[in-house]
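So you can see what is in the structure, the chains are spelled out below.
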Amino acid sequence: MSDVKRHKREVRNYLVGFGLAALLTIIPFAITAAGGLSRTLFDLEILLAAVVQVLVHLRYFLHIDLRHTPRENLLALGFTGVLMVLMIGGTLWIMGNLAARMMGT
Amino acid sequence: MSEVDTKAHDEAEEKAYGFWLFLMSDAILFSLLFATYAIMVTATDNGPARTEIFGYWRTSANTALLLSSSLTMGLASIAISEARKSAAFQWIFVTMILALAFLVLEIQEFAGLVAQGAGPDRSGFLSAYFTLVGTHGAHVTVGLIWMAVLCLHLAMAPIGPAVQSATERLTMFWHLVGIVWIGIYSMVYLPGLYQ
């Protein structure tokens, strides 16, 4: 591939990522400003937009690609994801449970 | 590729992998700060709650600044990988301005909170908030210093494999800082601002 072509592809990659990320940022900010959703729907929407945007950043900015990224990098990323779910989920579960048992004291 | 080139390439790849592992451990650190914040968010000790202290426009401005800086950092890294020096300077300069503006807004916000009696010592909620957002701000500061060092490197010598591989790591670092910010505005600011 020629250098010019590669340059164009890399710049386009960043611009597409930026466009998607901007859109996924504007949506939760607009919904926050507009109001009117129930708390559950609001939380769900924010979470969804955040997760999708993290994936966009990983794909377009950090160039994570299931076929071309070295296997050990993907493994580390996956392991990190598992640890995050365990630690955040575990913390919320245990502390939430404790708070429920301590109710009224 | 000559043998020397291959060796430099392997080394750069090894360093990128090592740095990737560091970034993953950094991400785990942040996820624990997020968990702490989620637990502490109701522990306001009759002080200010999250619905009272955040500003919509400041949060929007900070988000816009940091997201734009991810783009300009990417453009800088492309310029450096192609050994185009003046374009590299341009984009790193823009990235540094954006990062600096972000830090100024954040320091203003922190100073304002402390002035109105909502400092980190006020409640568990505020301790967790300052720890999480402050740690992110410290990362932005480190990134800014790293960019300044990169500018010195660029000014002193022609762009070679060493600077290119360092830039690759700085770019990875900067994108992680951007990803953490997505978590911060989604989990801290917007839920606080939503009435």
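Everything quoted here is computed from the prediction, not taken from an experiment.

1. Concerning the overall build of chain A
And then number 1: Broken down by element type, chain A carries three helices and zero strands.
And then number 2: Taken from N to C terminus, the helices and strands of chain A fall in the order α-α-α.
And then number 3: Scaling as 2.2 N^0.38, a compact globule of 105 residues should have a C-alpha radius of gyration of about 13 Å, whereas chain A reaches 20 Å, well beyond that.
And then number 4: Seen through its C-alpha atoms, chain A measures out along the principal axes to roughly 70 × 40 × 15 Å.
And then number 5: Each of the 105 residues in chain A was classed as buried or not, and the buried ones make up 28%.
And then number 6: In chain A, of all internal contacts separated by at least 6 residues, the share reaching a separation of at least 24 is 55%.

2. What about unusual backbone geometry?
Among all residues except glycine, the phi angle is most often negative; among peptide bonds, the trans geometry is most common.
Residue and element names in this part refer to chain B.
And then number 1: The phi dihedral of Asn46 is positive, around 60°, even though this residue is not glycine.
And then number 2: Mapping Asn46 onto the fold places it in the loop between helix 1 (3-40) and helix 2 (50-53).
And then number 3: Look at Ala83: it is not a glycine, yet its phi comes out positive at around 55°.
And then number 4: Within the element layout of this structure, Ala83 appears in the loop between helix 3 (56-81) and helix 4 (85-115).
And then number 5: Look at Ala83 and you get partly exposed, because its relative accessible area is 43%.

3. Re the packing of helix 1 (residues 3-34) of chain A against helix 3 of chain B
And then number 1: Contact pair helix 1 of chain A / helix 3 of chain B: the axes reach a minimum separation of 10 Å and the direction vectors enclose 175°. Considered as vectors, helix 1 of chain A and helix 3 of chain B are oriented roughly antiparallel to each other.
And then number 2: When the residues that make up the contact of helix 1 of chain A with helix 3 of chain B are grouped by side-chain class, the tally is 14 nonpolar, eleven polar and one charged.

4. Points about a nonpolar patch on the surface
And then number 1: A contiguous nonpolar surface patch, about 580 Å² in accessible area, is contributed by Trp93, Ile94, Met95, Leu98 and Met102 of chain A.
And then number 2: By relative accessible area, Met95 of chain A is classed as partly exposed at 35%.

5. Here we look at the confidence of the model for chain A
And then number 1: For chain A, the average pLDDT comes to 93, and 97% of its residues sit at 70 or higher.
And then number 2: Averaged pLDDT values for the elements of chain A fall to 94 in helix 3 (residues 71-101) of chain A and rise to 96 in helix 2 (residues 39-61) of chain A.

6. Overview of the environment of Met87 of chain A
And then number 1: Its place among the elements puts Met87 of chain A in helix 3.
And then number 2: Among the residues examined, Met87 of chain A registers a relative accessible area of 24% and is labelled partly exposed.
And then number 3: With near-sequence residues (within four places) excluded, Met87 of chain A lies in contact with Ile28, Ser31 and Leu32 of chain B.

7. Let's talk about the interface of chain A and chain B
And then number 1: Every contact between the two is made by 43 residues of chain A and, on the other side, 39 residues of chain B.
And then number 2: When the area that chain A buries against chain B is broken down by residue, the three leading residues are Tyr14, Phe29 and Leu62 of chain A, summing to 18%.
And then number 3: Linking chain A with chain B are zero salt bridges.
And then number 4: Applying the counting criterion to the chain A and chain B interface returns nine residue pairs in polar contact (both at pLDDT 80 or more).
And then number 5: Of all the elements in the fold, those that place two or more residues in the side of chain A that touches chain B are helix 1, helix 2 and helix 3 of chain A.
And then number 6: Ranked by the residues each element gives to the side of chain A that touches chain B, the list is headed by helix 1 of chain A, at 16 residues.

8. So, the side chain of Ser123 of chain B
And then number 1: Its place among the elements puts Ser123 of chain B in the loop between helix 4 and helix 5 (124-156).
And then number 2: Take Ser123 of chain B: its relative accessible area is 6%, and that puts it in the buried class.

9. Examining the nonpolar core
And then number 1: Ranked by size, the top nonpolar core spans 70 residues in total, and within it Tyr37, Phe54, Ile92, Tyr129 and Ile184 of chain B carry the most contacts.
And then number 2: Elements that contribute at least two residues to this core include exactly helix 2 and helix 3 of chain A together with helix 1, helix 3, helix 4, helix 5 and helix 6 (161-193) of chain B.
And then number 3: Take this core: its biggest share by element is 17 residues, from helix 6 of chain B.
And then number 4: The next biggest cluster of nonpolar side chains, apart from the first, holds twelve residues, and it includes Ala21, Tyr60 and Phe61 of chain A together with Leu75 of chain B.

10. So, a negative patch on the surface
And then number 1: Taken together, Glu72 of chain A together with Asp10, Glu13, Glu14 and Glu168 of chain B make up a surface patch of like negative charges.
And then number 2: If you tally residues by element for the negative patch, the top one is helix 1 of chain B, at three residues.

11. Concerning the pattern of salt bridges
And then number 1: Per the counting criterion, the structure on display carries three salt bridges over all chains.
And then number 2: Here Arg39 of chain A ties to Asp43 of chain A by a salt bridge, and the two come within 3.9 Å at their closest N and O atoms. In this pair, Arg39 of chain A and Asp43 of chain A are both assigned in helix 2, four residues apart and thus about one turn of the helix distant.
And then number 3: Among the salt bridges present, the one from Arg122 of chain B reaches Asp45 of chain B, with a minimum N-O distance of 3.3 Å. Highlighted residues: Arg122 of chain B in the loop between helix 4 and helix 5 and Asp45 of chain B in the loop between helix 1 and helix 2, separated in sequence by 77 residues.
And then number 4: Judged by relative accessible area, which is 28%, Arg122 of chain B ranks as partly exposed.

Conventions used here
Residues numbered from 1 in each chain as written. Chains lettered and ligands numbered in written order. Predicted model: local features only at pLDDT ≥ 70, side-chain atom pairs only at ≥ 80, totals over all residues. Heavy atoms only, no water. Helix = DSSP H or I, 4+ residues; strand = E, 2+ residues; numbered from the N terminus. Rg over C-alpha atoms; globule rule 2.2 N^0.38 Å. Buried < 20%, exposed > 50% of the residue type's maximum accessible area, 1.4 Å probe, protein only. Contact = heavy atoms within 4.5 Å. Axes fitted to C-alpha atoms, helices over the stretch in contact; angles between N-to-C directions. Parallel < 35°, antiparallel > 145°, perpendicular 65-115°, else oblique. Nonpolar A, V, L, I, M, F, W, Y, C, P; charged D, E, K, R; others polar. Patch = residues over 30% accessible without salt bridge, like charges linked within 9 Å, V, L, I, M, F, W, Y side chains within 5 Å. Areas by Shrake-Rupley, 256 points an atom, 1.4 Å probe, with all protein chains shown as cover. Salt bridge = Lys/Arg side-chain N within 4 Å of Asp/Glu carboxyl O. pLDDT = per-residue confidence, 0-100. Buried area = accessible area lost by both parts, 1.4 Å probe. Polar contact = N/O pair within 3.5 Å; in protein donor to acceptor, adjacent residues only side chain to side chain. Core = buried A, V, L, I, M, F, W, Y, C linked by side-chain atoms within 4.5 Å. Lys, Arg positive; Asp, Glu negative; His and termini not counted. Charge placed at Lys NZ, Arg CZ, Asp CG, Glu CD.

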